[in-house]
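# Fold and geometry: a report
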Amino acid sequence: MGVLWIVLALSCLGLTEVQSNKYEGFKIYEVQTKARTAAMDQALSELAKNESYYEVFSSGSQPARIMVHPEEQVNFVQLMDGHSLSYKVLNNNVGFTLRRQFARNRILRNRFPYTGNGRLGTERFYSHGEINQFIEDLAEEHPRRVFVKTVGKSYERRLMKTVTITNGDGRRNKNVIFVDGGFHAREWISPAAVVYLIDELVNNLADNADLLMDYDWVILPVVNPDGYEYTQLSEETRMWRKTRKPSSPDCIGTDPNRNFDFHWNEEGASEDPCDQTYAGSKAFSEPEAVVVSDLIHSYADRGKMYLTLHSYGPYILYPWGWSSDLPDTVDDLHEVAKAGFDAILEATGTLYEIGSSTNVLYVAAGASDDYAFNAGFPISFTMELPPGGTGFDPPASAIDQMVKETWVGIAAMARKVVQKYPLA
Ligand SMILES: [Zn+2]
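What counts and how
Residues numbered from 1 in each chain as written. Predicted model: local features only at pLDDT ≥ 70, side-chain atom pairs only at ≥ 80, totals over all residues. Heavy atoms only, no water. Helix = DSSP H or I, 4+ residues; strand = E, 2+ residues; numbered from the N terminus. UniProt positions renumbered as here; feature names shortened; annotations may be inferred. Contact = heavy atoms within 4.5 Å. Polar contact = N/O pair within 3.5 Å; in protein donor to acceptor, adjacent residues only side chain to side chain. Salt bridge = Lys/Arg side-chain N within 4 Å of Asp/Glu carboxyl O. Buried < 20%, exposed > 50% of the residue type's maximum accessible area, 1.4 Å probe, protein only. Axes fitted to C-alpha atoms, helices over the stretch in contact; angles between N-to-C directions. Parallel < 35°, antiparallel > 145°, perpendicular 65-115°, else oblique. Nonpolar A, V, L, I, M, F, W, Y, C, P; charged D, E, K, R; others polar. Arc of directions from axis to C-beta. Pairing = 2+ DSSP bridges. Donors = N, O, S within 2.8 Å, 3.2 Å for Na, K, Ca; no water. Tetrahedral: all angles 85-135°; square planar, octahedral: opposite > 155°, others 65-115°. Disulfide = S-S within 2.5 Å.

## Digging into unusual backbone geometry
Cis geometry is found at the peptide bond from S311 to Y312, where omega equals 5°. Structurally, the position occupied by Y312 is in the loop between β9 (303-311) and β10 (315-318). With an omega of 10°, the peptide bond between G313 and P314 qualifies as cis. Residue placement: P314 occurs in the loop between β9 and β10.

Structure, rendered in structure tokens:
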């Protein structure tokens with residue numbers, strides 16, 4: 001991966017100047033990144049310093065998607081043409097798209113209210129409060145199998161709750177699979193996939209008995225509830241990524257997935273509080289990252305797989321993210337990832353890419369997957385779900401297919417883990 005794309009990916013900016021109709025006239029370009037030259041990298045890297053006008057959504061081996069401010073589009077196109085770079089307009093007006101999505105979501109909320117019956121369908125996206133209520137209702141309905149615990153509070157004092165799912169046989173000290181979602185606020189498909197996973201494990205025990213025989217699943221559906229709720233307010237805030245704690249007099253939020261105390265604030269993280277990948281004022285400055293860290297440590301001795309769901313890729317990424325070095329146990333990591341890759345390919349034809357975070361996507365120190373792996377989880381993955389809509393905003397109509405596909409991959413990886421790491 002060229003330096004430029006790293007620079008662009010890291011500099012994902014706040015786009016904070018425009019306060020009303022924030023994304024009106026913004027375009028998203030998809031740029032083929034295969035045949036690049038050093039000169040082109042240099043030119044684009046200069047351009048990327050103008051952080052108020054560009055945001056790179058994805059990088060790595062996939063074509064880059066770059067959101068460009070209306071005032072900068074002419075320059076951007078000239079630059080692309082000047083370097084004979086092939087690009088296409090993927091979205092002609094992000095503001096319009098997001099407005100339409102919010103109108104649709106409002107209709108769906110009214111049409112599919114949560115009725116408190118321990119069932120959340122795949123018809124729409126749910127709020128953090130609804131997801132918390134859902135797991136509470138499941139625990140009430142299945143008192144011997146499902147356990148909810150409040151494990152902390154977000155900066156804005158939202159309750160962060162885990163749900164532990166067992167097969168109800170009462171045996172203690174089983175191995176553990178720990179799953180979380182919703183690190184990055186705008187990646188709504190992540191909590192949606194976690195909700196579906198919970199539903200499968202609880203309500204479809206017949207098909208998943210082997211995954212719960214010697215294993216308990218501990219799940220934190222929304223790591224960054226403040227950010228997640230903020231993105232649900234309106235189309236103006238839809239693309240928010242970070243937490244919501246002020247990071248400087250001018251800017252809000254830290255990237256919770258650069259805030260972990262393992263090679264913290266090294267490559268792939270920003271020291272600028274206004275940047276999308278701001279690492280925080282210190283390691284674990286964010287209460288949400290502390291909650292995940294505490295969970296990782298409390299399950300590290302029994303934990304066999306840590307899985308954190310993000311978007312978008314599609315990628316299954318394993319350590320390391322802080323360095324291009326590979327862990328000694330890379331063969332084990334790859335074997336489990338490959339099980340997920342194969343299962344998804346066979347089920348839907350979607351081609352995930354697998355490899356180490358740094359080598360497949362980009363260097364990103366201070367992330368939770370490296371932290372969990374270093375703490376003792378032998379398998380630790382970041383799963384980047386496929387893009388939808390402009391990238392981070394699949395429409396509600398895409399949820400069902402996406403979360404079912406994701407579950408196919410997760411179940412296959414879990415089966416491999418269960419087989420590789422039997423209960424001692
Ligand atoms: Zn993410």
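## Side note on the UniProt feature "active site" (unreviewed entry) in the protein
UniProt's feature table lists "active site" (unreviewed entry) at E384, given in the numbering used throughout. Other than its neighbours up to four places away in sequence, E384 contacts H310, S311, Y312, G313, P314, Y315, L317, Y352 and L361. Looking at E384, its side chain comes within polar contact range of the main-chain nitrogen of Y312, at 3.3 Å.

## What about the pattern of salt bridges?
A full pass over the atoms with the stated rule returns 20 salt bridges. The shortest N-O distance in the salt bridge between E136 and K161 comes to 2.6 Å. Here K161 lies in strand β6 (residues 159-165) and E136 lies in helix α5 (residues 128-141), a separation of 25 residues in the sequence. With relative accessibility at 30%, the residue E136 sits in the partly exposed group. With a relative accessible area of 12%, K161 lands in the buried category. Between R415 and D210 there is a salt bridge; the shortest N-O distance is 2.6 Å. Taken as a pair, R415 in helix α13 (residues 399-420) and D210 in helix α7 (residues 205-212) lie far apart in primary sequence, 205 residues in all. Classification of D210 as partly exposed rests on a relative accessible area of 34%.

## Some thoughts on the packing of α5 against helix α6 (residues 189-203)
Relative orientation of the contacting elements α5 and α6 amounts to 5°, with a least axis distance of 12 Å. Classified by the interaxial angle, the pair formed by α5 and α6 is roughly parallel. Judged by residue contacts, I131, F134, I135 and L138 of α5 engage P191, V195, I198, D199, V202 and N203 from α6. Across the contact of α5 with α6, the residue classes break down as 8 nonpolar, 1 polar and 1 charged.

## Looking at α7
Residues of α7 that are buried: N208, L211 and L212. Looking straight down α7, one finds its buried side chains confined to an arc of 85°; they lie on one side. Against β6, α6, β8 (215-220) and α13 lie the buried residues of α7.

## Comments concerning the sheet that holds β6
Pairing is mixed across the open sheet formed by 8 strands, whose spatial order is β5-β6-β8-β7-β9-β12-β10-β11. Across the chains shown, the open sheet's two edge strands, defined by having one partner strand only, are β5 (146-153) and β11 (353-356). Within the sheet, the average angular offset between the axes of one strand and its neighbour, ignoring direction, is 20°. Relative to β9, strand β7 (residues 175-181) runs parallel, the two sharing 6 bridges.

## Examining the side chain of N105
In this structure, N105 sits in helix α4 (residues 94-111). When near neighbours in sequence (up to four residues on either side) are disregarded, N105 contacts W188 and A396.

## Here we look at the coordination of the zinc ion
Those protein atoms acting as donors to the zinc ion are H184 (ND1), E187 (OE), E187 (OE) and H310 (ND1), and they sit at 2.1 to 2.3 Å. Taken together, the 4 donor atoms surrounding the zinc ion define angles of 58 to 153° at the centre, an arrangement classified as irregular.

## Quick notes on the state of the cysteines
A complete count under the given rule lists 1 disulfide for this structure. The side chain of C251 participates in a disulfide bridge whose partner is C274; the two sulfur atoms lie 2.0 Å from each other. Note on the C251 and C274 pair: the S-S dihedral is about 95°, so by sign convention the disulfide is right-handed. With a gap of 23 residues between them, C251 in the loop between α8 (225-231) and α9 (287-299) and C274 in the loop between α8 and α9 connect regions that are remote in the sequence. The class for C251 is buried, based on a relative accessible area of 10%.

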